[in-house]
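# Structural overview
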Amino acid sequence: INQERDAMVVNNDTFFQLDGDDEDITPQSDLSLPNRSIFVVTTAALPWRTGTAVNPLLRAAYLSRKTKEINNNNQTNATTSEQQMVTLVIPWLELEEDRLELYGNNHNFTTSQEQEDYIRDWLRGANMNEEADPVNGLRILFYPARYHSGLKSIFAMGDICATLRNQTEGSLLSDAVCVLEEPEHLNWYRCPGEGWTKVFGFVVGIVHTNYVEYASSQFIHGLWTAPAIQVMSSAMIRAYCHKVIKLSGVLQTYAPEKECCENVHGVRQDFIQEGRRRALEAASLSGTNLASRELNEEVEGQVYFIGKILWAKGFELMLQLQEFYHECTGKYFAIDVYGGGPEEGEIKRAFHGRRNSWNGEESDSDSDSEDTFRDNLKKLKSIEVPKSLYEWRRKPIPANFCGPVDHSLLGKYKTFVNPSTSEVLCTTTFEALAMGKFVIIPVHESNKFFLQFSNCLGYRNKWEFAANLRWALTHEPEPLTPELAKEFTWEAATDRLIGSSAITRREAKERYNLGKAKLDERIAYFHRELGKHDALRRVLGGGPASNQVRYELERQGLDQGNSEKFAMSSFVKAIKSTFISNNHH
């Protein structure tokens, strides 16, 4: 087994040195050093407005700004300070049907350059003109990818590291820092090749998504069962990362000696500007009595939710809170719901009720009985089977479903309600707090970072929720102070990332004493060997991302080799039979 670079390796030129203070940061893990080349690799890209597309883009842009600031402060030469020190690495969906499904007809790019132009225009719209500059700003590289519609995820095709070597000076990667956004996702079905820690000098993994929670809440085939995801995710992160940053403590333990919890996200300036506007408005009204307002929870335009319209996002909990509030007060509270999703129709019916199976139409008793029977039969076929008992409610909840919208445009509301606990760190909650609004969320590990803010009203039970809502409806949020506003910025998030990525000599020594380096190497080796056969990826639910070896061989103009023999081997047959028997049970 070729030795991997690891933070536990004793080497005078790497992480652990015999001399120096224990609290000194090892040079490979110090992102604040000048002339550091950084690659941010993620699993999604705009115009797909998902967290793993937007947040890594902004992280890369602000890292680009930060590295130039560091280089200028350290009086590096002008040529170095103008170089593109930060590279964003994002997927290019090669198949047109994938692009249409994710981006729609309005953004059906025919080349990756068109998509890059769109992303740079988006950065300019976010007031990041320097970072959007294709010459001196953020560099953007693409890797080929496929969209897995069953898993609602994008997976790379071919070896990303090999792609980067082909598009850059490969020798420079050995001294570069690589930030893997969703490292487990990037490696589940990866093409066999050199590990990230072999190619890059230092690898930081940022874990965004609680895949174990999603898998345990719904049935998914193949690899996508909660225990399998838990084991596989831990293995991928251990094998391919030097440091792991979890956005919140709700995530599982992956590699205890490598991980820490920190919110390394920020919000766009649009949200902070709204918070400042509210603060100025509150200051101008300081002489008036804002402490008490007339309570009318049925008035629209006070309370809202924004996010994906999925049951997993806490809508059943929202319905339970509505029912409890109705029991206490005799009224439902009006709420505007923004967003979209595949379960929007059934969730709408759960809020509004199913008035009747015939859409309010009555049959004409004078019409021909045969025609009436046919019409009724057509109607019967069109009726969707109820997905929840809430659909049979007689009294509708005053909820407006308003479709997708940019959150920064919703300044008119003052109270954001989000009962979901499935997120690792909810971006929309962070944005609402930055806008100076009340945020009503459950006291939960995923919300720990938010609970420090005075406008965050946490609840442990339904009684506390009802009390918090009545308070929010009759009071005004505290104005956003300059010190508080700084916590929401991407500049602060970048500083938190640099601090969280650092490994001290003491930590490196403790890792060495643990002796886990060889385990990590063996996991990477075993994963690479298993990945040489596409059949195993197919068994484990890889779908369109299964044929990695065939894809790489075809790209190089080579033959398939022994994949078909492996597909018929007793090893694969045993795995298949195990999954089949588990699914039957």
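### Some remarks on the overall build of the protein
- A tally of regular secondary structure across the protein gives 24 helices and 14 strands.
- For the protein, long-range pairs separated by at least 24 residues make up 74% of all intrachain contacts whose partners lie at least 6 apart in sequence.
- Split by element, the accessible area of the protein, about 26800 Å² in all, is 49% carbon and sulfur.

### Considerations on unusual backbone geometry
- In this structure, Pro47 follows Leu46 across a cis peptide bond, with omega equal to 15°.
- In this structure, Pro47 sits in the loop between strand S1 (38-41) and helix H1 (51-73).
- Located in the positive-phi region is Asn127, a residue other than glycine, with phi close to 60°.
- Looking at the secondary structure, you find Asn127 in the loop between helix H4 (112-125) and helix H5 (129-132).

### Quick word on helix H19 (residues 505-514)
- Regarding H19, the residues found buried are Arg505, Ala508 and Arg511. What you see down the axis of H19 is that its buried residues fit within an arc of 120°, all on one side.
- In this structure, the buried side of H19 is in contact with strand S7 (243-246).
- With its phi angle positive at about 70°, Gly515 sits one or two positions after the end of H19.

### Overview of the pattern of salt bridges
- Summed over the entire model, instances satisfying the criterion amount to 30 salt bridges.
- A salt bridge links Arg65 to Glu131; its shortest N-O distance comes to 3.1 Å. In this pair, Arg65 is assigned in helix H1 and Glu131 in helix H5, connecting sequence segments 66 residues apart.
- A residue is classified by how much of its surface remains accessible, and Arg65, at 29% relative accessible area, is partly exposed.
- Between Lys313 and Glu423 there is a salt bridge; the shortest N-O distance is 3.3 Å. In this pair, Lys313 sits in the loop between strand S9 (303-306) and helix H12 (315-329) while Glu423 sits in the loop between strand S12 (415-417) and helix H15 (427-434), placing the two residues 110 residues apart along the sequence.
- Using a relative accessible area of 12% as the deciding quantity, one classes Lys313 as buried.

### Some details on the sheet that holds S1
- The 8 strands are arranged S4-S3-S2-S1-S5-S6-S7-S8 in an open sheet whose pairing can be described as mixed. What marks the edges here is a single partner per strand, and that holds for strand S4 (153-156) and strand S8 (259-261). For this sheet, the mean angle separating the axes of adjacent strands, direction not counted, is 30°.
- In terms of strand pairing, strand S3 (residues 139-148) meets S4 through 4 bridges, oriented antiparallel. Among the inter-strand pairings, Arg146 is bridged to a residue of S4, identified as Phe155.

### Topic: the packing of H12 against helix H13 (residues 344-352)
- The contact between H12 and H13 brings their axes to 11 Å, and the two run at 5°. One finds that H12 runs roughly parallel with respect to H13. Contacts between H12 and H13 involve Phe315, Met318 and Leu319 on the former and, on the latter, Ile347, Ala350 and Phe351.
- Classifying every residue of the contact of H12 with H13 by side-chain character gives 6 nonpolar, no polar and no charged.

### Here we look at the packing of aromatic side chains
- With the rule as written, the count across this model stands at 26 aromatic pairs.
- For the ring pair Trp92 and Phe142, a centre distance of 6.4 Å and an interplane angle of 85° mean the geometry is edge-to-face. Taken as a pair, Trp92 in strand S2 (residues 86-93) and Phe142 in strand S3 lie far apart in primary sequence, 50 residues in all.
- Residue classification places Trp92 among the buried residues on the basis of a relative accessible area of 13%.
- The exposure class of Phe142 is buried, given its relative accessible area of 11%.

### Structural notes on the side chain of Thr52
- Turning to its location among the elements, Thr52 is positioned in helix H1.
- Residues contacting Thr52, with those up to four places away along its chain left out, are Thr42, Thr43, Ala44, Glu182 and His208.

### Re the sheet that holds S9
- In spatial order, the strands read S11-S10-S9-S12-S13-S14; together these 6 strands make up an open sheet with parallel pairing. Every interior strand has two partners, whereas the edge strands, strand S11 (399-403) and strand S14 (456-459), have only one. Direction aside, the axes of adjacent strands within the sheet are offset by 25° on average.
- One ladder, built from 3 bridges, connects S9 with strand S10 (residues 335-338); its direction is parallel. Note on S10: the bridge partner recorded for Ile306 is Tyr338.
- In this fold H12 packs onto S9, S10, S12 and S14, with an angle of close to 175° to the strand it touches most, S10.

### Quick word on the nonpolar core
- The biggest cluster of nonpolar side chains holds 118 residues, and the ones touching the most others in it are Trp196, Phe200 and Phe488.
- Beyond its immediate chain neighbours, meaning those up to four positions away, Phe488 contacts Gly266, Val267, Ile272, Phe430, Leu433, Ala434, Phe453 and Leu480.
- Listed in part, the 29 residues of the second largest apolar core include Phe305, Tyr325, Ile440 and Leu457.

### Let's talk about the confidence of the model for the protein
- Taken as a whole, the protein shows an average pLDDT of 84; of its residues, 80% reach a score of 70 or greater.
- Across residues 356-367 the pLDDT falls below 50, and counting only partners more than four positions away or on other chains, this stretch makes 8 contacts in the model.
- In the predicted structure, residues 579-585 sits below a pLDDT of 50 and forms 5 contacts with residues beyond four places in sequence or in another chain.

Definitions and limits used
- Residues numbered from 1 in each chain as written.
- Predicted model: local features only at pLDDT ≥ 70, side-chain atom pairs only at ≥ 80, totals over all residues.
- Heavy atoms only, no water.
- Helix = DSSP H or I, 4+ residues; strand = E, 2+ residues; numbered from the N terminus.
- Contact = heavy atoms within 4.5 Å.
- Areas by Shrake-Rupley, 256 points an atom, 1.4 Å probe, with all protein chains shown as cover.
- Buried < 20%, exposed > 50% of the residue type's maximum accessible area, 1.4 Å probe, protein only.
- Arc of directions from axis to C-beta.
- Salt bridge = Lys/Arg side-chain N within 4 Å of Asp/Glu carboxyl O.
- Pairing = 2+ DSSP bridges.
- Axes fitted to C-alpha atoms, helices over the stretch in contact; angles between N-to-C directions.
- Parallel < 35°, antiparallel > 145°, perpendicular 65-115°, else oblique.
- Nonpolar A, V, L, I, M, F, W, Y, C, P; charged D, E, K, R; others polar.
- Phe/Tyr/Trp six-rings, centres within 6.5 Å; stacked < 30°, edge-to-face > 60°.
- Core = buried A, V, L, I, M, F, W, Y, C linked by side-chain atoms within 4.5 Å.
- pLDDT = per-residue confidence, 0-100.

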